[in-house]
Amino acid sequence: MSSRTPSGQARTSGERAVARHGWAHALVTVLGGLLAMAVVAGLGLWAAGAADLPDGSFAPVVAATMVAAVGGTVKLAGSAGDLADTRAGLTVIPLSVTLTGALVIAWGFLRPLRHRAVAGAKELAGWAGRVAALWLLALIGLTLAARHTFDISLGDDTLGELGDLFGGSPKVGFTTDVPLSVFVGVVWLAGVLVLALLVSRGAPLPAKLLRFQASVRPAAYAMVALLLAFVVIGVVIALIVAATKGHARETFAVILLGIPNLVWPALTIGLGATWNGRVEGPFGLPMPQVLDEVLRTPDISELNLRTLAEHDGRVWWLLVVDIVLLLAAAFVMAARSPARVRAWQHAVHMAVALVLTVFMICLVGRISAHYGLSVLGIGDLGGGLGGELFLRPRLWGAVGLAVPWGLVTGFAGALLARHVRRRGEVRSDSGD
């Protein structure tokens, strides 16, 4: 009888663990993430003027924004009658919506796991599987709802009369690639859950993975803190701009839809990276104005510290901000690491983490948008109805710059944290 007691206690403990994160908790986690994303996307789109779109298209646009936020594919399509043709395309991830959903889902995923040192692989997989199953159903619903077609007015001038005469009034619609969007959305969720486990010091890991937490968890936490710090700084600057220079509604649209799209590439530019881009036609970057000035040229422009400083010398503060925040991140990483980790190891950990972070920024920070209308084979009529905007990084140059920055700041952060008492450290004056 007594030999079965530990087994029975283990089963009871396992049942309590499952009860703490069963289907009800998974549903709350998924619905909480979706609701947060919908609120941020809806308010941002309203501030951007999307509430005025015709034919009741606001709700589908919100759904499409949420799909794009998790990496889904939103396709634009247009038609303008038999004698006209339209072309349109949009590739951008609204990273404010992405970040909001990731933080809420990560919090909901970790909450039932707190106050435990170790969790079995089957238990974690089962809990993540519940969340993923409900997330899959939600994604399917979102991708099916994210489709709509509406008319674009050409105005009351000659162009509008030609459109009515030839049946060429343009229609623009959007839809989603359901299988691809659902697949990418599930991969996005997996990344969020894995990163949540890596960042949280209190989240349990399977026993076989505990040996990696000393090197991975402090670095992951430091990089997430670094990215969030840039977002907070960007929001503060945006609010100051809105209060002092007006355009409050447009500024809030940027904050709610894409503030990380601006500040995270700024992090890489502060490291010395270069982005290529161009702005043409009605498209534009609402803030800061210097970006639009640099990119609105006949040819492809370079966006880096030098070209930005030619228009506004204050851009050099990006370099200072990068130095301060990278040193702070390296210090936090070292302070959260066990005492046995040496300074050169901190430098390597910081370099690897910063390389991965910069690589991620370069992948998600790309922007591409274009729209054009032609009638009777004459392209881009209507002036304001045609345009192009794109922004893409020089990937390997940015990743390469992250290596020396990570090594130097990682080593310096380790030196700054020498006098901080850390886990596993034994003081000589402990009284022995």
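Because the structure is a prediction, the values reported are computed rather than measured.

Enquirer: Report on the overall build of the protein chain, specifying residues and quantitative values.
Expert: Secondary structure assignment for the protein chain yields 14 helices and eight strands. Relative to its 432 residues, the protein chain shows a buried fraction of 45%. Working note: accessible area of the protein chain is about 21500 Å², and carbon and sulfur atoms make up 67% of it.

Enquirer: Please provide a residue-by-residue account of the pairing of strand β5 (residues 275-280), values included.
Expert: Counting buried residues in β5 gives five out of six residues, a clear majority hidden from the surface. Bridge count between β5 and strand β6 (residues 301-303): three bridges; the pairing is antiparallel. When the bridges of β6 are listed, Asn276 appears paired with Glu302. In the sheet, β5 pairs with strand β8 (residues 387-393) via six bridges, with the strands oriented antiparallel. What sits directly across from Val279, in β8, is Leu389.

Enquirer: Talk me through the packing of aromatic side chains; I want residue IDs and the actual numbers.
Expert: Throughout the structure, instances matching the rule amount to three aromatic pairs. When the ring of Phe109 is compared with that of Trp127, the centres are 5.8 Å apart and the planes differ by 0 degrees; the resulting orientation is stacked. Residue Phe109 is located in helix α4 (residues 95-110), and its partner Trp127 is located in helix α5 (residues 121-145); the two are separated by 18 residues in the primary sequence. The lysine or arginine in question, Arg249, covers the ring of Trp46, its NZ or CZ lying 4.4 Å from the ring centre. The ring centre of Tyr221 lies 3.6 Å from the NZ or CZ of Arg336, which sits over that ring.

Enquirer: Quick one: what's the story with helix α3 (residues 58-69), residue by residue and with numbers?
Expert: An ideal rise of 1.5 Å per residue puts 16 Å on 12 residues; α3 measures up with 16 Å between its terminal C-alpha atoms. Counting buried positions along α3 gives 10 out of 12 residues, so the element sits mostly inside the fold. All of the buried residues in α3 are Pro60, Val61, Val62, Ala63, Ala64, Thr65, Met66, Val67, Ala68 and Ala69. Where α3 ends, the next residue or the one after it, Gly71, has phi of about 90 degrees, a positive value.

Enquirer: Help me get a handle on the nonpolar core, residues and values and all.
Expert: One finds Met223, Leu226, Trp264, Leu303, Leu308 and Leu354 to be the most contacted residues of the largest nonpolar core, which totals 48 residues. With near-sequence residues (within four places) excluded, Met223 lies in contact with Ala329, Met350, Ala353, Leu354 and Thr357. One finds Leu34, Met37, Ala41 and Ala203 within the second-largest nonpolar core, a separate group that totals 45 residues.

Enquirer: Please set out a nonpolar patch on the surface residue by residue, giving values where relevant.
Expert: Together, Trp344, Val348, Val352, Leu356, Val403, Leu407, Val408, Phe411 and Leu415 make up a nonpolar patch on the protein surface, roughly 810 Å² of accessible area in all. Where the nonpolar patch is concerned, the elements lending two or more residues are α13 (343-364) and α14 (395-416). A total of five residues in the nonpolar patch trace back to one element, the largest contributor, which is α14.

Enquirer: Report on the environment of Val39, specifying residues and quantitative values.
Expert: Positionally, Val39 belongs in helix α2 (residues 23-47). Between the C-alpha atoms of Val39 and Val97, which are 58 residues apart in sequence, the distance is 8.9 Å.

Enquirer: Quick one: what's the story with α13, residue by residue and with numbers?
Expert: Between its first and last C-alpha, α13 extends 32 Å over 22 residues, near the 32 Å set by a 1.5 Å rise per residue. For α13, the complete set of buried residues consists of His346, Ala347, Met350, Ala351, Ala353, Leu354, Val355, Thr357, Val358, Ile361, Cys362 and Val364.

Enquirer: Kindly report on the packing of α3 against α5, identifying the contributing residues and their values.
Expert: Helix packing for two helices is described by the angle between their axes and how far apart those axes are. One can describe the packing of α3 onto α5 by two numbers: an axis separation of 8 Å at closest approach and a directional angle of 130 degrees. Relative to α5, the element α3 lies oblique. Judged by the twist between their axes, the crossing of α3 over α5 is left-handed. Residues Pro60, Ala63, Met66 and Val67 of α3 form the contact with α5, whose own contacting residues are Leu142, Thr143 and Ala145. Partitioned by chemical class, the residues of the contact of α3 with α5 number six nonpolar, one polar and no charged.

Rules and cut-offs
- Residues numbered from 1 in each chain as written.
- Predicted model: local features only at pLDDT ≥ 70, side-chain atom pairs only at ≥ 80, totals over all residues.
- Heavy atoms only, no water.
- Helix = DSSP H or I, 4+ residues; strand = E, 2+ residues; numbered from the N terminus.
- Buried < 20%, exposed > 50% of the residue type's maximum accessible area, 1.4 Å probe, protein only.
- Areas by Shrake-Rupley, 256 points an atom, 1.4 Å probe, with all protein chains shown as cover.
- Pairing = 2+ DSSP bridges.
- Phe/Tyr/Trp six-rings, centres within 6.5 Å; stacked < 30°, edge-to-face > 60°.
- Lys NZ or Arg CZ within 6 Å of the ring centre and 35° of its normal.
- Expected span 1.5 Å × (residues − 1).
- Core = buried A, V, L, I, M, F, W, Y, C linked by side-chain atoms within 4.5 Å.
- Contact = heavy atoms within 4.5 Å.
- Patch = residues over 30% accessible without salt bridge, like charges linked within 9 Å, V, L, I, M, F, W, Y side chains within 5 Å.
- Salt bridge = Lys/Arg side-chain N within 4 Å of Asp/Glu carboxyl O.
- Axes fitted to C-alpha atoms, helices over the stretch in contact; angles between N-to-C directions.
- Parallel < 35°, antiparallel > 145°, perpendicular 65-115°, else oblique.
- Left-handed = near helix turned anticlockwise from the far one by under 90°.
- Nonpolar A, V, L, I, M, F, W, Y, C, P; charged D, E, K, R; others polar.

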